[in-house]
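Overview (structure and organization)
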Amino acid sequence: MTAHAFSSPVVRARTMCPPQPGALRTRPLPRESAASYLTRLADTYQLTAAQLLDGLNIATTGTFASPPATDIHLSAEAAHRLSAFARIPPAHLTRALARQPPPASIGMAHTAIARWQPVPPAVQPLPACTACTIRRSPHQAAPAWIHPASNSPRIMICTRHQQASSDSRHPAPLDIRPVPELTRPARRATTASLSWASTITTRWYDHQQHLHQRWLTRLDRLTDANPHIPPGPASPALTCRNLVIYPETLILAAALDRLPPHPLTRAQQTAFLHHLADRLRLPRLAPADHDLLWQRLHAR
């Protein structure tokens, strides 16, 4: 099919108000970035995001860069036009697209305007499961980028298709079939315990403590199964870190959640470490005084 055939609904949208629905339907993924969805929608019609916005008569400012480096803020009128063209109810589109509230200059505008905004690397969305993306697109889809849940570690796992993401520097999600422990169900933990556990296991990983050999083996399996992981400038040891430590982070978070609100006696601390070692499948766990785990046990 030619580009002209794809673009004709957009061309018509420029001269009609409200814009007419597009011929093809591309559904957003939960928590997908607005820039990611807009790029995929445009790709459905073999257009660029700028061409699609122009076709919907939405004025834009800022500099576009491919997701995940940028996101886009839409005024209410611009979001309405996008919703009408995509044939997605406005409320559903708003719930699906994970984005910060637009600046007042955008959100309060009564015209169809949008602004491209750079996204800092630390909070950039992650590559979505390719199989889930294709299911929501009418043909071979462009890559999608979604934000992890706010109350969980910075990681996303699709247990159905055995794919996972933990770093926006990866061009695609990782095949995790060689590491099935990443998909095993785990007990939910509070946000505070998850934050502590992630900080502790990250320190253990960086300093090669306690679980170093297990994590090294897991990293080797991930890199062998995913030759598309970029070799630099950041090494796979860094970009895969959150995935490598994920199972033990959840185990530690669940254990921290069971700590009482009062300080532990020495005997209780010893019992806790014995229990945690058993859950982590370690013969023993004897953290040094400067270990963050000790700090957590004393921060009561």
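Parameters at a glance
Residues numbered from 1 in each chain as written. Predicted model: local features only at pLDDT ≥ 70, side-chain atom pairs only at ≥ 80, totals over all residues. Heavy atoms only, no water. Axes fitted to C-alpha atoms, helices over the stretch in contact; angles between N-to-C directions. Helix = DSSP H or I, 4+ residues; strand = E, 2+ residues; numbered from the N terminus. Parallel < 35°, antiparallel > 145°, perpendicular 65-115°, else oblique. Left-handed = near helix turned anticlockwise from the far one by under 90°. Contact = heavy atoms within 4.5 Å. Nonpolar A, V, L, I, M, F, W, Y, C, P; charged D, E, K, R; others polar. Core = buried A, V, L, I, M, F, W, Y, C linked by side-chain atoms within 4.5 Å. Buried < 20%, exposed > 50% of the residue type's maximum accessible area, 1.4 Å probe, protein only. 1 Å grid on protein atoms, 1.4 Å probe; cavity = no way out; pocket = protein on both sides within 12 Å on 5 of 7 lines; lining within 4 Å. Points joined across faces, edges and corners; volume = space filled by probe spheres on them. Polar contact = N/O pair within 3.5 Å; in protein donor to acceptor, adjacent residues only side chain to side chain. Salt bridge = Lys/Arg side-chain N within 4 Å of Asp/Glu carboxyl O. Pairing = 2+ DSSP bridges. pLDDT = per-residue confidence, 0-100.

1. So, the packing of helix α12 (residues 246-257) against helix α13 (residues 266-279)
- Running from N to C, α12 and α13 cross one another at 150°; their axes reach a closest spacing of 10 Å. Between α12 and α13, the angle falls in the class roughly antiparallel. For the pair α12 and α13, the sense of crossing is right-handed. From α12, Ile251, Leu252, Ala255 and Leu256 reach across to α13, where they touch Phe272, Leu276 and Arg279.
- Across the contact of α12 with α13, the residue classes tally to 6 nonpolar, no polar and 1 charged.

2. Here we look at the environment of isoleucine 88
- In this structure, isoleucine 88 sits in the loop between α4 (76-86) and α5 (90-96).
- Here isoleucine 88 is in contact with Arg25, Thr26, Arg27, Pro28, Tyr37, Ser83 and Leu93, once residues within four sequence places are set aside.

3. Observations concerning the nonpolar core
- The biggest cluster of nonpolar side chains holds 39 residues, and the ones touching the most others in it are Leu256, Phe272, Leu276, Leu285 and Leu293.
- Of all the elements in the fold, those that place two or more residues in this core are α8 (191-206), α9 (212-225), α11 (241-244), α12, α13 and α14 (292-298).
- Look past the residues within four positions of leucine 293 in its chain and what remains in contact with it is Ile200, Trp204, Leu252, Leu256, Phe272, Leu273, Leu276, Leu285 and Pro287.
- Core analysis: the second largest hydrophobic core is formed by 25 residues, Ala34, Leu38, Leu74 and Ala112 among them.

4. Considering the layout of surface pockets
- As a volume, the largest pocket reaches approximately 520 Å³.
- Lining of the largest pocket is provided by 23 residues; of these, Ser152, Pro153, Arg188, Tyr246 and Leu250 occupy positions nearest its centre.
- Secondary structure elements with two or more residues in the lining of the largest pocket: β6 (156-158), α8 and α12.
- The residue inventory of the lining of the largest pocket, partitioned by class, reads 13 nonpolar, 6 polar and 4 charged.
- Roughly 410 Å³ of internal volume is contained in the second largest pocket.

5. Some thoughts on the side chain of threonine 70
- Tracing the sequence through the fold places threonine 70 in strand β2 (residues 70-74).
- Judged by its relative accessible area of 5%, threonine 70 is buried.
- At a separation of 2.5 Å, a polar atom in the side chain of threonine 70 contacts the main-chain carbonyl oxygen of alanine 65.
- If we ignore the near neighbours within four places in the chain, the residues touching threonine 70 are Ala35, Thr63, Phe64, Ala65, Trp116, Gln117, Pro118 and Val119.

6. Let's talk about the pattern of salt bridges
- As enumerated under the stated definition, the model contains 8 salt bridges in all.
- Note that glutamate 181 and arginine 218 form a salt bridge whose closest N and O atoms lie 2.9 Å from each other. In this pair, glutamate 181 sits in the loop between β8 (174-175) and α8 while arginine 218 sits in helix α9, placing the two residues 37 residues apart along the sequence.
- Overall, the relative accessible area of 2% leaves arginine 218 in the buried class.
- Salt-bridge contacts for arginine 218 lead to glutamate 248; the nearest nitrogen and oxygen are separated by 2.8 Å. With arginine 218 in helix α9 and glutamate 248 in helix α12, this pair connects stretches of sequence that are 30 residues apart. Both residues of the pair, arginine 218 and glutamate 248, count as buried.
- Members of the salt-bridge network, linked through shared partners, are Glu181, Arg214, Arg218 and Glu248.

7. Quick look at the pairing of strand β3 (residues 113-118)
- Note: strand β1 (residues 59-61) against β3, 3 bridges, orientation parallel. Residue pairing across strands places alanine 59 opposite isoleucine 113, the latter belonging to β3.

8. Considerations on the confidence of the model for the chain
- For the chain, the average pLDDT comes to 85, and 87% of its residues sit at 70 or higher.
- Here residues 1-16 scores under 50 on pLDDT; set against residues more than four positions off or in separate chains, the count is 27 contacts.

9. Quick notes on the sheet that holds β2
- The 3 strands are arranged β1-β3-β2 in an open sheet whose pairing can be described as mixed. The sheet is open, and its two edges are formed by β1 and β2, each paired on a single side. Neighbour to neighbour, the strand axes of the sheet diverge by 25° on average, direction disregarded.
- Across the sheet, helix α2 (residues 34-44) touches β2 and β3, and the angle it forms with β2 is around 90°.

10. Structural notes on the pairing of β2
- Counting buried residues in β2 gives 5 out of 5 residues, a clear majority hidden from the surface.
- Where burial is concerned, the two faces of β2 agree: the one with Thr70, Ile72 and Leu74 and the one with Asp71 and His73 are both buried.
- The pairing of β2 with β3 spans 5 bridges and is antiparallel. For leucine 74, the partnering residue across the bridge sits in β3 and is alanine 114.

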